Amino acid sequence: MKNEKEGYLEILSIIENAAIKCHRDPKEVKIVAVSKTYPWKEVSFCYEEGCRLFGESRVQEALVKQEEAPKDIEWHFIGTLQKNKVRKIINKFSLLHSVNSLELAEKISEVSLEENTVTKILLQINTSYEPTKHGFLTEQFESFISKIVLLKGVEVQGLMTMAPLTKDEKTIRSCFQNLRKIQTKFSSKDLPLKELSMGMSEDYKIAIEEGATLLRLGTILFGKRNYQGNIIIK
Ligand SMILES: *Cc1c(COP(=O)(O)O)cnc(C)c1O
C-alpha cells in the first residue's frame, strides 16, 4: 500500500504534468491542503513534504490547529465567514478565500484598520448560479468591485469559486471559465486579480486547464471526512 507521503507526492506530480500539458508554469499552480476536520497530526505529513499552504473553514478549529502546527505555515481561510467572527481571524490567516458580500468586505476593512494591518482577500463568485452557493453573481460584480477596491485595509488578490457537485464536466468547466472571464474583464494594473482559487479533489484537473492558481484539496490528500466535518478537537 502506498503511504500517505507517496500519495501527496503523486498528486504533486499529477498537477505538475497537467500544468505542463496545458502550457502553464507548474509553479503557478499551488495546493492549499484543506485540513479541516483533521487533527494536525493527521495532516502534518504534507508539511513534512514541503507543503506550507493549509486551508481551514471553521474559525475555532483553525485557531486550535494553528497553535499546534509549525509557525511557517500560510493559513488560508476558505469557509463561509460570518461578520461576527472577523475580529477573531484578522492577522491569523494570510488569505481569506471566500469574501462573498460588500458588508463582509467592509467589516474586514474596519477591523484591519483598527489592527493596523492589511488583509488579503479573494472575492467569491457564484459561477454556477445555484441558490445554495455563496458569492457574488457575475452581473453584480461590477458594482461591488468598484466599492471594494476603495476599502482601506483589504487587498483583493483574486477570485474564488466552487463548481457544483456533478459529474458533468461541461458544467464544471463552464463555472471555471466564468471565473476566468471575470478575471480577464476586471484585472488591471491597479487591480491585478492574480489568484484564481478553484478546483477541489473531484475537479482540480479541469481547474488547472482553466487557469487555477490555488487548488483547494482535502479528500484526495487526507481521505473522506466524517460527518461533513464535525469533529471535536481537544
Ligand atoms: C472542504 C472544502 C474543500 C475541499 O474539498 P475536497 O473535495 O475534500 O477536496 C475545498 N473548498 C472549500 C471551500 C471547502 O469547504
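Residues numbered from 1 in each chain as written. Predicted model: local features only at pLDDT ≥ 70, side-chain atom pairs only at ≥ 80, totals over all residues. Heavy atoms only, no water.

By the naming in an unreviewed UniProt entry, the chain is Pyridoxal phosphate homeostasis protein, taken from Candidatus Criblamydia sequanensis CRIB-18. A UniProt comment under Cofactor (unreviewed entry) is attached to the chain, and it reads "pyridoxal 5'-phosphate". Turning to the chain, the UniProt record has this under Sequence similarities (unreviewed entry): "Belongs to the pyridoxal phosphate-binding protein YggS/PROSC family." (UniProt positions renumbered as here; feature names shortened; annotations may be inferred.)

Focus: the site of the ligand
Neighbouring residues of the ligand: V34, K36, I78, M160, M162, M200, S201, R216, L217, G218, T219 and R225. Side-chain polar atom of S201 to an oxygen atom of the ligand: 2.5 Å apart, as the coordinates give it. Contact with the protein chains covers 90% of the free accessible surface of the ligand, which is 390 Å². Among the residues making up the shell around the ligand, the classes are represented as six nonpolar, three polar and three charged. (Near = heavy atom within 4 Å. Polar contact = N/O pair within 3.5 Å; in protein donor to acceptor, adjacent residues only side chain to side chain. Areas by Shrake-Rupley, 256 points an atom, 1.4 Å probe, with all protein chains shown as cover. Nonpolar A, V, L, I, M, F, W, Y, C, P; charged D, E, K, R; others polar.)

Details of the UniProt feature "domain: Alanine racemase N-terminal" (unreviewed entry) in the chain
Residues given the UniProt feature "domain: Alanine racemase N-terminal" (unreviewed entry) here are residues 26-224. Counted over residues 26-224, helix gives 38% and strand 19%. Its end C-alpha atoms are 27 Å apart. (Helix = DSSP H or I, 4+ residues; strand = E, 2+ residues; numbered from the N terminus.)

So, the side chain of Q183
With respect to the helices and strands, the residue Q183 is situated in helix α7 (residues 169-186). If near-sequence neighbours (up to four positions away) are discounted, Q183 is found in contact with L159, L193, K194 and L196. (Contact = heavy atoms within 4.5 Å.)

A few points about helix α2 (residues 40-48)
Taken together, the buried positions of α2 are W40, V43, S44, F45, C46 and Y47. In this structure, the buried side of α2 is in contact with α1 (4-21), β2 (53-56), α3 (59-68), β3 (74-77) and α9 (219-222). Looking one or two residues past α2, G50 carries a phi angle of roughly 110°, positive in sign. (Buried < 20%, exposed > 50% of the residue type's maximum accessible area, 1.4 Å probe, protein only.)

Some thoughts on the packing of helix α6 (residues 138-148) against α7
It is at 12 Å that the axes of α6 and α7 come closest, and there the two elements cross at 35°. α6 and α7 meet at a crossing whose hand is right-handed. When α6 is examined against α7, the residues T138, F141, E142 and I145 are found in contact with a partner set consisting of I182, K185 and F186. Of the residues assigned to the contact of α6 with α7, the class counts are four nonpolar, one polar and two charged. (Axes fitted to C-alpha atoms, helices over the stretch in contact; angles between N-to-C directions. Left-handed = near helix turned anticlockwise from the far one by under 90°.)

So, the UniProt feature "modified residue: N6-(pyridoxal phosphate)lysine" (unreviewed entry) in the chain
Those residues carrying the UniProt feature "modified residue: N6-(pyridoxal phosphate)lysine" (unreviewed entry) are K36 in this numbering. Examined against the element boundaries, K36 turns out to sit in the loop between β1 (30-34) and α2. Ignoring anything within four residues of it in the chain, the contact list for K36 reads G55, E56, S57, E61, K65 and R225.

Looking at the confidence of the model for the chain
A low pLDDT means the predicted coordinates there should not be read in detail. Within the chain, residue pLDDT values average 94, and 96% of them lie at 70 or more. Confidence drops under pLDDT 50 across residues 229-234; counting only partners more than four residues distant or on other chains, this segment forms nine contacts. (pLDDT = per-residue confidence, 0-100.)

What to know about the environment of G7
For G7, the location among the structural elements is in helix α1. Judged by its relative accessible area of 22%, G7 falls in the partly exposed class. In the structure, G7 is positioned 61 residues away from E68 in sequence and 24 Å away in space, judged by C-alpha atoms.

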